[in-house]
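Read off the chains here:
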Amino acid sequence: MPRERLSAAEARRLALGAQGFAEPRRADGRALGRVLARTGLLQIDSVNVLERAQYLPAFSRIGPYDRTALDRLSQYAPRRLFEYWGHEASLLPVALWPLMQWRMARANMDAWGGMFRIATERPELVEEMYAAVRDGGPVTASFLSAHVPRRRGEMWAWSDQKRALEWLFWTGRITAARRLSNFERAYDLPERVIPKKILAAPVPDAGAAQRELL
């Protein structure tokens, strides 16, 4: 077969079109769903010099839209998005919950050192934090560690309570019910966040899940 040659400009246009930038910038009722179908997930970030990261992909593709629509999809029933480590902290379609179980199951390989240290050295604290979320969720790490002194000037100086909660989040035993206005996670049990039919769906093995995600 003869090879097709593309100029740099043509290749650029094809790449941008594949990401949804060639479609009309129209923020109608289904526009946000189209963006999510195209991007697959929305990475979230605490940096908000312009706006928090999860709100920007839709704006760049469809123009000004109702940001609360995205909040409703990710924070309130009937929930269509959930938060997990999809590359980085991301909002993913709830249908992907079963496909992420392989990553939750290997938290001891992937989770950051501070979380793993707490899980191995203070398992009783992990269970204490799980019980606190079970009995009082949605609940934040700052509430559960309010009595723990924090070192001034250290943004990421997590308490052991926060590390335990993040371990539980990584393993899927708890999840994020929502983000507060200060971007803090409010944790809750999956059965109070993820739709029941998604929780009841079959969980594929790691290989099948990774192929489906790919």
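Quick note: structure is the one above.
(A) Structural context of the sheet that holds strand S1 (residues 42-43). Taken in spatial order, the 3 strands of this open sheet run S1-S3-S2, and their pairing is antiparallel. Lying at the two open borders of the sheet, with one neighbouring strand each, are S1 and strand S2 (81-86). Inspection of the sheet shows S1 paired to strand S3 (residues 88-93) by 2 bridges, in the antiparallel sense. Each residue of the ladder has a partner; that of Leu-42, found in S3, is Leu-91.

(B) Expanded view of the pattern of salt bridges. With the rule as written, the count across this model stands at 19 salt bridges. The salt bridge involving Arg-72 is made with Asp-66; its shortest N-O contact spans 4.0 Å. Judged by relative accessible area, which is 42%, Asp-66 ranks as partly exposed. Between Glu-83 and Arg-185 there is a salt bridge, with the nearest N and O atoms lying 2.7 Å from each other. With Glu-83 in strand S2 and Arg-185 in strand S6 (residues 185-188), the pair connects residues that are 102 residues apart, well separated along the chain. A relative accessible area of 5% means that Arg-185 is categorised as buried. Salt bridges here are not isolated pairs; linked through shared partners, they connect Arg-117, Glu-121, Arg-122, Glu-124, Asp-160 and Arg-163.

Reading the values: rules and limits
- Residues numbered from 1 in each chain as written.
- Predicted model: local features only at pLDDT ≥ 70, side-chain atom pairs only at ≥ 80, totals over all residues.
- Heavy atoms only, no water.
- Pairing = 2+ DSSP bridges.
- Helix = DSSP H or I, 4+ residues; strand = E, 2+ residues; numbered from the N terminus.
- Salt bridge = Lys/Arg side-chain N within 4 Å of Asp/Glu carboxyl O.
- Buried < 20%, exposed > 50% of the residue type's maximum accessible area, 1.4 Å probe, protein only.

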